[in-house]
Amino acid sequence: MLSRGTFEACNAAISDHNQCSKRFFNSNSISIGCRKSFVSSSSSFPGRVGQVLAVATNETKKKQAAYEPSLADRLRLGSISEDRMSYKEKFIVRCYEVGINKTATVETIANLLQEVGCNHAQMVGFSTDGFATTHTMRRLHLIWVTARLYIEIYKYPAWSDVVEIETWCQSEGRIGTRRDWILRDCATGEVIGRATSKWLMMNQDTRRLQKVTDEVRDEITVYFPKELRLAFPEENNGSLKKIAKLEDPAEYSKLGLVPRRADLDMNQHVNNVTYIGWVLESMPQEIIDTHELQTITLDYRRECQQDDVVDSLTSVEPIEDVGANGSAGTAPKDVDKSFLHLLRLSSDGLEINRCRTEWRKKPSRI
């Protein structure tokens, strides 16, 4: 039981934090609320849930108008842009989010991307049941699934660094949408990373993909930027490269990986970030010791469930063969090593995920 002095001290600390949080917002910003659990609920193709944008139906507008922000909402350092076309949030890198290099792991970065996407989606009215769907999608039993994720990291934040992540969504052809991110060092404003992803629509009952209907598109496009905005506007950028299938025998392998209970999301499937960890399990240790990950591309092909057993395969990809869109060309600046990866079911060899990673030499310590 808390003493009166302890209780008053807690209230004072919360009040001070609230005053501090206000300095991160301008007068036109809107504070965001979201449950952390959606980080684990992000799903991959073809049976996993994705986040895109929320729908401002009359029903959700009424709920937003009557909504009273929770303590978590008031403490969260996030805001939507004045034009409501993007969302930014600040994060402090925690000690349990860094790895052997004392910097944030790529899994930490991926989790933060999902968290920002979740908070953005809920802010503009998407459902909060883990499926991030519009009213029409729920009526028709439609969900979003992840098809591709590409992350490019220029500088890894260290423990106690503050990172600001901005995200937005827009159309991707007739059958999908995309979500982009920009990562900045909050202290300097330096861009330290970028990412993009592609999402497709699937019928939850039949497990078949289908085109985004005009009705759904009308619900979501009101939150898309009026002009095309890409995290990677450069021609022939790394996010466009195709991933060739890794054939056996692979040079490196880690067989018999089994999902832990903690790897499952609220929809009872393995969450996206677990796949990244599995990919890296078969990386040769000498590369881990001397290099750091610069880019990672993941193509999701099959969902993975708790009883599945997974093999992780890795082989070197000659840099001279790595070019834009998978064609011959030169590697991106600073890339020293490139690898192809495959996650497959141990039972029948079916593909779960194709991946490419590119690595640069670790910076020398001062």
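Residues numbered from 1 in each chain as written. Predicted model: local features only at pLDDT ≥ 70, side-chain atom pairs only at ≥ 80, totals over all residues. Heavy atoms only, no water.

Operational definition: UniProt positions are given in the numbering used here, feature names are shortened, and annotations may be inferred rather than shown by experiment.
Named according to an unreviewed UniProt entry, the protein is Acyl-[acyl-carrier-protein] hydrolase originating from Anisodus acutangulus. In its Subcellular location (unreviewed entry) section, UniProt records this for the protein: "Plastid, Chloroplast". If you open the UniProt record of the protein and go to Function (unreviewed entry), you find "Plays an essential role in chain termination during de novo fatty acid synthesis."

## Considerations on the overall build of the protein
Using the following cut-off: Secondary structure elements follow DSSP: runs of H or I no shorter than four residues count as helices, runs of E no shorter than two count as strands, and numbering proceeds from the N terminus. For each residue, the accessible area found with a 1.4 Å probe, counting protein chains only, is set against the maximum for its type, and the residue is called buried under 20%, exposed over 50%, and partly exposed in between. Contacts between residues were defined by any pair of non-hydrogen atoms, one from each residue, lying within 4.5 Å. Each accessible area is a Shrake-Rupley result for a 1.4 Å probe, and residues are judged covered by the shown protein chains and nothing else.
Each helix and strand counted, the protein has nine helices and 12 strands in total. Per-residue burial over the protein gives 51% buried out of 366 residues. A sequence separation of at least 24 residues applies to 77% of the contacts in the protein between residues at least 6 apart. Entry remark: accessible area of the protein is about 17,900 Å², with carbon and sulfur atoms responsible for 52%.

## Points about the nonpolar core
Formally: The term nonpolar core refers to a set of buried residues drawn from Ala, Val, Leu, Ile, Met, Phe, Trp, Tyr and Cys, joined through side-chain atoms within 4.5 Å.
In this structure, Val-106, Leu-113, Ile-151, Ile-165, Tyr-275, Trp-278 and Ile-296 are the most contacted members of the largest nonpolar core, which totals 47 residues. Looking at this core element by element, the count peaks at seven residues for helix H5 (residues 106-123). When residues no more than four places from it in sequence are discounted, the contact partners of Ile-296 are Val-106, Leu-149, Tyr-150, Ile-151, Ile-276, Cys-355, Arg-356 and Thr-357. In terms of nonpolar packing, the next biggest core, distinct from the first, is built from 13 residues, Phe-126, Trp-144, Met-201 and Ile-220 among them.

## A look at the packing of aromatic side chains
Put simply, the rule is: A pair of Phe, Tyr and Trp rings is counted when the ring centres sit within 6.5 Å of each other, with Trp represented by its six-membered ring. The angle between the planes then sorts it: under 30 degrees is stacked, over 60 is edge-to-face, the rest tilted.
Evaluated as defined, the whole model comprises three aromatic pairs. Summarising the aromatic geometry, the rings of Tyr-150 and Phe-232 are spaced 5.2 Å apart at their centres and angled 70 degrees between planes, so their arrangement reads as edge-to-face. Taken together, the residues Tyr-150 in strand E3 (residues 142-153) and Phe-232 in the loop between helix H7 (214-220) and strand E8 (252-257) connect sequence positions 82 residues apart. Where Tyr-275 meets Trp-278, the ring centres are 5.8 Å apart and the plane angle is 65 degrees; that geometry is what we call edge-to-face. With Tyr-275 and Trp-278 both in helix H8 (residues 272-281), this residue pair falls three residues apart, about one helical turn. Each of the two residues, Tyr-275 as well as Trp-278, counts as buried. Among the aromatic side chains, those forming a connected cluster through ring pairs are Tyr-275, Trp-278 and Tyr-300.

## Thoughts on the side chain of Thr-134
For clarity, the cut-off: Pairs of N or O atoms within 3.5 Å make up the polar contacts considered here, provided that, within protein, one atom can donate a hydrogen while the other can accept it, and that residues adjacent in sequence are counted only when both atoms are side-chain atoms.
The topology assignment puts Thr-134 in the loop between H5 and helix H6 (135-139). Judged by relative accessible area, which is 0%, Thr-134 ranks as buried. Among the polar contacts made by the side chain of Thr-134, one reaches the main-chain amide nitrogen of Met-137 at a distance of 3.1 Å.

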